[in-house]
Amino acid sequence: MDIFSGPNADIRALFETHEAARFDLHKRRLNEQMVRVLKTIGYDVGFCKGRGQYLYDRQEVRYLDLLSGFGVFALGRNHHAIRAALKNVLDADLPNLVQMDVSTLAGILADRLLALVPHLDKAFFANSGAEAVEAAIKFARAATGRAGIAYCSHAFHGLTYGALSLNGDEVFRRGFEPLLPDCVCVPFNDLAALDRALSGRRIAAFVVEPIQGKGVTLPNEDYLKGVQDLCRRHETLFIADEIQTGIGRTGRFLASEHWDVEPDMVLLAKALSGGHVPVGAVLMRKWVHDKMFNRMDRAVVHGSTFAKNDLAMAAGIATLEVLKAERVTENAARTGDRLLRELSALKGNYELLKDVRGKGLMIGIEFGTPRSLKLKASWNLLETASKGLFCQLITIPLFKDHKILTQVSGHASHTVKLIPPLIITDEDCDWIVRAFDQVIADSHRAGAVWSLGKTLVDHAMRA
Ligand SMILES: Cc1ncc(COP(=O)(O)O)c(C=O)c1O
């Protein structure tokens, strides 16, 4: 058969004829619980189109996406330059994945990434964030000859077994033990605890998110510098997991730059994909890399079949080009500052609103126990039914009434998290601040919002 002609899968037509059945298909063939969640919270609108920072439902109603596919759409959905780069690869008859050759595009992407992180020398590519974390664990063990890995309470590094062993949240770990041995949990922002954990000199690496995704927890001003000093003193590798915070998200290429540190390894994924082709990257010092790949017979001692594939590498190259050409990181810094300022200004008006924090376009909006007795009774009812349930009283009306897609930042969390595409405009910022103002105001009144609360309590009780 001639592979250059013959049957075509018309994916657009398939999408159109099947999209109305998506929830039934998922219920029967995939994760039924996800369908139940979406229907319960009213997110089952059936999105049909994505462009930039916007999603469109069946009625062509426009939604502002403050979730960006868990951070992959830094450049927005379906950016023309990423799409063009991918089409270009498909049309170029490139010698992809020869395996007994080395990839030209991987060489280019590695070179350009490392030019942006000049204190590091070598790159290793993987297919996802979790795979980058798995690779980092192996590099750290091979480089130091130590088995231990230290990680933080509330950390999230992915859900494969190595990455899960560094997860600081019981909900993800329970039921999957035993995990990787010799992994040690230390509280985030606690240098004394880290010092104690490292002083036995059995820890190969300390893996840390510069800003924790769960709760959008910022490091104390001296924390990451302190981490770097302790790691150097105890000859432990300092690994910054920038899978969520990297590629411009916080208003710098890496979040680590805000605190002027130079980690021994930097992990990237998510946004590097341009939102189209999964990719992960471990950037590291040459000596660390060369301890793993130290002899010819170990040239393939770690790797993965699809890593360095041309589509992923092209998506990465195009992403870096757009980031620079469209000054995307600068936009994240500017719109992020504006949102932080204007959302923080709401604090004085609302007793349920406790804190607004973040850097660039990674923002956490935290709610907490109100002072007035009437609100306190309703708050306690929700908390007793399910810790963190209050945030649904914010995210559900944001979605239903204001067409804004957000998330609660983790299990039992009181923080709503914003990680929008980094290309949002001033008009989008107006939309966000207006919507939060109204929804938070409503949550301070008896009525529709709290009756939604009672419905959610019923669901929580039944679950
Ligand atoms: C900080 C961090 N590390 C690692 C991961 C895992 O990435 P992936 O989902 O691509 O495996 C995530 C995903 O949310 C993350 O936020």
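Preceding this paragraph is the structure being described.
Just so you know, these numbers come straight off a predicted model, no measurement behind them.

> For the side chain of aspartate 428, give the residues involved together with the corresponding values.
With respect to the helices and strands, the residue aspartate 428 is situated in helix α17 (residues 426–443). One buried charged residue, aspartate 428, forms no salt bridge at all, with the nearest opposite charge on arginine 62 at 5.4 Å. Within polar-contact distance, the side chain of aspartate 428 engages the side chain of glutamine 53 at 2.8 Å. In contact with aspartate 428, other than residues within four places in its own chain, are Gln53, Tyr54 and Leu64.

> I'd love a proper account of the environment of serine 153, names of residues and values included.
Structurally, serine 153 can be placed in the loop between β5 (148–152) and α8 (161–164). C-alpha separation for the pair serine 153 and valine 408, spaced 255 residues apart in sequence, amounts to 18 Å. Excluding its chain neighbours within four sequence positions, the residues that come into contact with serine 153 are Gly168, Cys185, Val186, Pro187, Phe188 and Gln212.

> So what about the site of the ligand? Which residues, and what values?
In the vicinity of the ligand, the residues found are Ser128, Gly129, Ala130, Phe156, His157, Gly158, Glu209, Asp241, Ile243, Gln244 and Lys270. Between the ligand and lysine 270, the relevant distance is 2.7 Å, taken from an oxygen atom to a side-chain nitrogen or oxygen of the residue. Burial of the ligand by the protein chains amounts to 79% of its free accessible area of 390 Å². Considered class by class, the residues forming the shell around the ligand number three nonpolar, five polar and three charged.

> How would you summarise unusual backbone geometry if you had to cite specific residues and measurements?
Here the bond from glutamate 177 into proline 178 is cis, since omega is 0°, no more than 30 degrees from zero. As for its position among the elements, proline 178 is in the loop between α9 (170–173) and β6 (183–186). A positive phi angle, near 60°, is found at phenylalanine 70, a position not held by glycine. Along the chain, phenylalanine 70 falls in helix α4 (residues 68–71). Residue phenylalanine 70 is classed as exposed on the basis of its relative accessible area of 52%.

> Now, about the sheet that holds strand β2 (residues 54–56): what can you tell me, with residues and values included?
The strand order across the open sheet built from four strands is β1-β2-β3-β13, with neighbouring strands paired in mixed fashion. For this open sheet the edge positions go to β1 (49–51) and β13 (404–405), each flanked by a neighbour on one side alone. Where β1 lies against β2, three bridges are found, and the strand directions are antiparallel. Note that in β2 the partner of arginine 51 across the bridge is tyrosine 54. Contacts from α17 reach β2, β3 (62–65) and β13 within the one sheet, and its direction differs from that of β3 by about 90°.

> Give a description of the pattern of salt bridges that names residues and reports values.
The full count for this structure, using the stated rule, is 22 salt bridges. The partner of arginine 12 in a salt bridge is glutamate 16, with the nearest N and O atoms 2.8 Å apart. Highlighted residues: arginine 12 and glutamate 16, both in helix α1 (residues 11–18), separated by four residues, approximately one helical turn. A salt bridge links glutamate 321 to arginine 112, with the nearest nitrogen and oxygen atoms 2.8 Å apart. Pair noted here: glutamate 321 is in helix α13 (residues 310–325) and arginine 112 is in helix α6 (residues 104–116), with a separation of 209 residues, a long-range link. By relative accessible area, which is 37% here, arginine 112 ends up partly exposed.

> If you had to explain the environment of asparagine 78 to someone new, which residues and values would you point to?
Among the secondary structure elements, asparagine 78 is positioned in the loop between α4 and α5 (80–90). When its relative accessible area of 31% is taken as the criterion, asparagine 78 is described as partly exposed. A polar side-chain atom of asparagine 78 sits 2.8 Å from the main-chain carbonyl oxygen of glycine 50.

> Any chance you could break down the state of the cysteines for me, citing the residues and the numbers?
What the rule picks out here adds up to zero disulfides. Free of any disulfide, cysteine 231 has its nearest cysteine sulfur in cysteine 152, 10 Å distant. Note on cysteine 231: relative accessible area 1%, which makes it buried.

> Hey, could you go over the nonpolar core for me, with residue numbers and the actual values?
One broad rule of soluble globular proteins: the nonpolar side chains tend to lie buried together. Leu113, Phe367 and Phe436 are the most contacted members of the largest nonpolar core, which has 91 residues in total. Not counting residues up to four positions away in its chain, the partners in contact with phenylalanine 367 are Leu352, Leu353, Lys354, Trp379, Phe390, Cys391, Ile394, His414, Val416 and Ile440. Within the second largest apolar cluster, 27 residues are counted, among which are Ala143, Met265, Val282 and Met284.

Scoring rules and cut-offs
Residues numbered from 1 in each chain as written. Predicted model: local features only at pLDDT ≥ 70, side-chain atom pairs only at ≥ 80, totals over all residues. Heavy atoms only, no water. Helix = DSSP H or I, 4+ residues; strand = E, 2+ residues; numbered from the N terminus. Buried < 20%, exposed > 50% of the residue type's maximum accessible area, 1.4 Å probe, protein only. Lys, Arg positive; Asp, Glu negative; His and termini not counted. Salt bridge = Lys/Arg side-chain N within 4 Å of Asp/Glu carboxyl O. Polar contact = N/O pair within 3.5 Å; in protein donor to acceptor, adjacent residues only side chain to side chain. Contact = heavy atoms within 4.5 Å. Near = heavy atom within 4 Å. Areas by Shrake-Rupley, 256 points an atom, 1.4 Å probe, with all protein chains shown as cover. Nonpolar A, V, L, I, M, F, W, Y, C, P; charged D, E, K, R; others polar. Pairing = 2+ DSSP bridges. Axes fitted to C-alpha atoms, helices over the stretch in contact; angles between N-to-C directions. Disulfide = S-S within 2.5 Å. Core = buried A, V, L, I, M, F, W, Y, C linked by side-chain atoms within 4.5 Å.

Remember, this is a structural readout, not a statement about activity or role.
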